[in-house]
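Spelled out from the first residue to the last, the chains are:
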Amino acid sequence: MTVEGTVSGLEERVVGRAWMVRLDPADRGGAAVRVSCGRPACAPQVLPSAAVGRTAAVAHLATHLRAASGPRPEASCACRAEECHTHVRADGPRDRAPALRCGGPVVLAVINDRQGRWWQALECCARCAAAHPSAKIVATAPAAGPVPAAGARGAAGPPPAPVGPHFSHATSSPAPVPRAVPAPRPKPRRNRRTGKIAQRFVPYDLHPVALRDELIELGDLFRAYQQRPEPDLEQLAELHARKAKAFHTWAEVTGETELRLDAQRAEQAAAAALLQHQQRTGQSPVGEGEVTNRLLPGLTQWEHARTVLAHVAEHTPLPGPEARLLAVMLTLRSALTGTGNLVGQDVNGLPLTEPEELIGRLVDSGWLSIPGTADDLLSSRPESPTPITIPSLTPDDDGQGPFDFGRKTRPKLSGWAQRVVGDKKLRKKKTGAATRLLALALAVRTTTDGRLGPEGEGIDLAVLTSWCAVEPDELEPLVEQLTAADWLEEATVTDGRLTGRLAERVLQVSCPLP
């Protein structure tokens, strides 16, 4: 007896499940996003940013996947119900693709677009899942047993041949022909993480793996550092130091000379960034692993201090060290506008023999202008300071004066000079104006570790005697006074130069040479 009707594999299958989670803008021009789910019971969510929205969308989809049952062996491809490109011809009428295009066990897969705007979960066959580049298999259905033919009448006959998963459209033959369906090829698991650093691509097969990961991470950190709104030189120095170490190891592994040179350049960059950070923060190296906090932080302020002292040396109206010392202190009080305030203690604290007479001489020379007498200035108190004017420091019509530092720098320079001149041990030793001037001169002519002169080579005696306004034979006693006051160490006057170093206790007031 013949079988009058059959039911194809597709007619016996149920359509696979599919739902989508989307990420859409919540309002025009704003950063907020809306997360919506294809399930009817899920209400949309509005989140403040795309990054937060993506996290919420992935978590929402994962919740559904955990709650859903596994893929059903009898389900047909959900993507076929949506007429995807796998099942529809691209070059003609929307005809069905050839039979047996589907294959493999039914899986529960998740696909998404590259921009991270939607995520879709669907039941489909393994071959359709493999056709999507972004598909990730969540679960696989167990193998289905033989599917018997239905609708047979009459006497019993031989059982129909077993039919495997058959997800295509029905064929015209009364019974499907059994065919072996190839299993989907598993995707090889390869850890081919790559990256880029210093215009170099890190090979995916570079070993050891820890070196490859370090190079990739450093490349990411350098690119993130470039996006910072403000520089962080301490962090930059650390990155360069890590880069130097990693490139040395890379050079040993590959034997490339260029990598070793890059490592050396990274070491130099790390040292330069660290030194610049220390100078900007007032911390400069004084020994192996040691730093000192300076009263004037940074190269710029150190140069401003030297500029003020050089200006006073050229424009002091009266001879002698006392006039020079008073001119330094008054110049720093009125450096920017030519005007400032002074109290009696500012002058009485200086080692001047006759301050009232000296002020009168400066006023008579026209270099200084005060509203009252010198005696009024010396007796003024902080609650009623005496205004002073130095005409040579007044800016011209273009607003330009002899100095170009800002308003915040002027009091720092003045406080620095007062700290040097009013040093406690210099006052206890009752040193004179020439000794205090020599202390100022040495403070701005050292290396970062306190050695005198450029590169520690010493200072020309003629420069020091000119600045201190003393005779050459008077300089050596001044050096001895500074040594006795624990200001100088290892001081030696030979061959027309003063060598030695500043004592450790006064390194904080030094202004190292560039």
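In case you missed it, the structure is sitting above this.
Summarised in this report is the structure supplied together with it. (Residues numbered from 1 in each chain as written. Predicted model: local features only at pLDDT ≥ 70, side-chain atom pairs only at ≥ 80, totals over all residues. Heavy atoms only, no water.)

Let us look at helix 5 (residues 209-226). Compared with an ideal rise of 1.5 Å per residue, which puts 18 residues at 26 Å, helix 5 spans 26 Å between its outermost C-alpha atoms and is within 8% of the ideal. Within helix 5, burial applies to Leu211, Arg212, Leu215, Ile216, Leu218, Gly219, Phe222 and Tyr225. Against the buried residues of helix 5 lie strand 9 (195-197), strand 10 (200-202) and helix 6 (233-254). (Helix = DSSP H or I, 4+ residues; strand = E, 2+ residues; numbered from the N terminus. Expected span 1.5 Å × (residues − 1). Buried < 20%, exposed > 50% of the residue type's maximum accessible area, 1.4 Å probe, protein only. Contact = heavy atoms within 4.5 Å.)

Once that is clear, we can look at a positive patch on the surface. A contiguous patch of positive charge, built from Lys424, Arg427, Lys428 and Lys429, is present on the exposed surface. Using a relative accessible area of 44% as the deciding quantity, one classes Arg427 as partly exposed. (Patch = residues over 30% accessible without salt bridge, like charges linked within 9 Å, V, L, I, M, F, W, Y side chains within 5 Å. Areas by Shrake-Rupley, 256 points an atom, 1.4 Å probe, with all protein chains shown as cover. Salt bridge = Lys/Arg side-chain N within 4 Å of Asp/Glu carboxyl O. Lys, Arg positive; Asp, Glu negative; His and termini not counted. Charge placed at Lys NZ, Arg CZ, Asp CG, Glu CD.)

Here we come to the packing of helix 8 (residues 299-315) against helix 13 (residues 409-421). Axis separation between helix 8 and helix 13 bottoms out at 11 Å; the angle between their running directions is 70°. One way to sum up the angle between helix 8 and helix 13 is to call them roughly perpendicular. You can see that helix 8 and helix 13 cross each other, and the crossing is right-handed. Across the interface between the two elements, Gln301, His304, Ala305, Val308 and Leu309 of helix 8 pack against Thr409, Lys412, Leu413 and Trp416 of helix 13. Among the residues forming the contact of helix 8 with helix 13, the class breakdown is five nonpolar, three polar and one charged. (Axes fitted to C-alpha atoms, helices over the stretch in contact; angles between N-to-C directions. Parallel < 35°, antiparallel > 145°, perpendicular 65-115°, else oblique. Left-handed = near helix turned anticlockwise from the far one by under 90°. Nonpolar A, V, L, I, M, F, W, Y, C, P; charged D, E, K, R; others polar.)

Counting across every chain of the model gives 19 salt bridges. Two residues, Arg200 and Asp262, come together in a salt bridge whose shortest N-O distance is 3.2 Å. In this pair, Arg200 is assigned in strand 10 and Asp262 in helix 7 (residues 257-280), connecting sequence segments 62 residues apart. Among the salt bridges present, the one from Arg223 reaches Asp220, with a minimum N-O distance of 2.8 Å. Here Arg223 and its partner Asp220 are both found in helix 5, three residues apart, which amounts to about one turn of the helix. On the basis of relative accessibility, which here comes to 37%, the residue Arg223 falls in the partly exposed class. We classify Asp220 as partly exposed; its relative accessible area is 39%. Taken together, the shared-partner salt bridges in this structure form one network comprising Arg200, Glu256, Glu258, Asp262 and Arg265.

Here we come to helix 15 (residues 433-443). Burial analysis of helix 15 places 11 of its 11 residues in the buried class, which makes it a mostly covered element. Among the residues of helix 15, those classed as buried are Ala433, Ala434, Thr435, Arg436, Leu437, Leu438, Ala439, Leu440, Ala441, Leu442 and Ala443.

Another point: the environment of Asp486. Mapped onto the elements, Asp486 comes out in the loop between helix 17 (475-484) and strand 16 (488-494). Looking at Asp486, the relative accessible area reads 29%, which means it is partly exposed. Taking the C-alpha atoms as reference, Asp486 lies 8.7 Å from Val506; in sequence the two are 20 residues apart. With near-sequence residues (within four places) excluded, Asp486 lies in contact with Lys425, Ala503 and Arg505.

A few words now on the packing of aromatic side chains. Following the criterion strictly, the structure yields two aromatic pairs and no others. Relative to Trp250, the ring of Phe247 lies with its centre 5.5 Å away and its plane at 75°, an arrangement referred to as edge-to-face. Of the two residues, Phe247 and Trp250 are both situated in helix 6; the distance of three residues between them amounts to about one turn of the helix. Classification of Phe247 as buried rests on a relative accessible area of 0%. The lysine or arginine in question, Arg39, covers the ring of Trp19, its NZ or CZ lying 4.1 Å from the ring centre. Lying across the ring of Phe247, Lys243 places its NZ or CZ 5.5 Å from the centre. (Phe/Tyr/Trp six-rings, centres within 6.5 Å; stacked < 30°, edge-to-face > 60°. Lys NZ or Arg CZ within 6 Å of the ring centre and 35° of its normal.)

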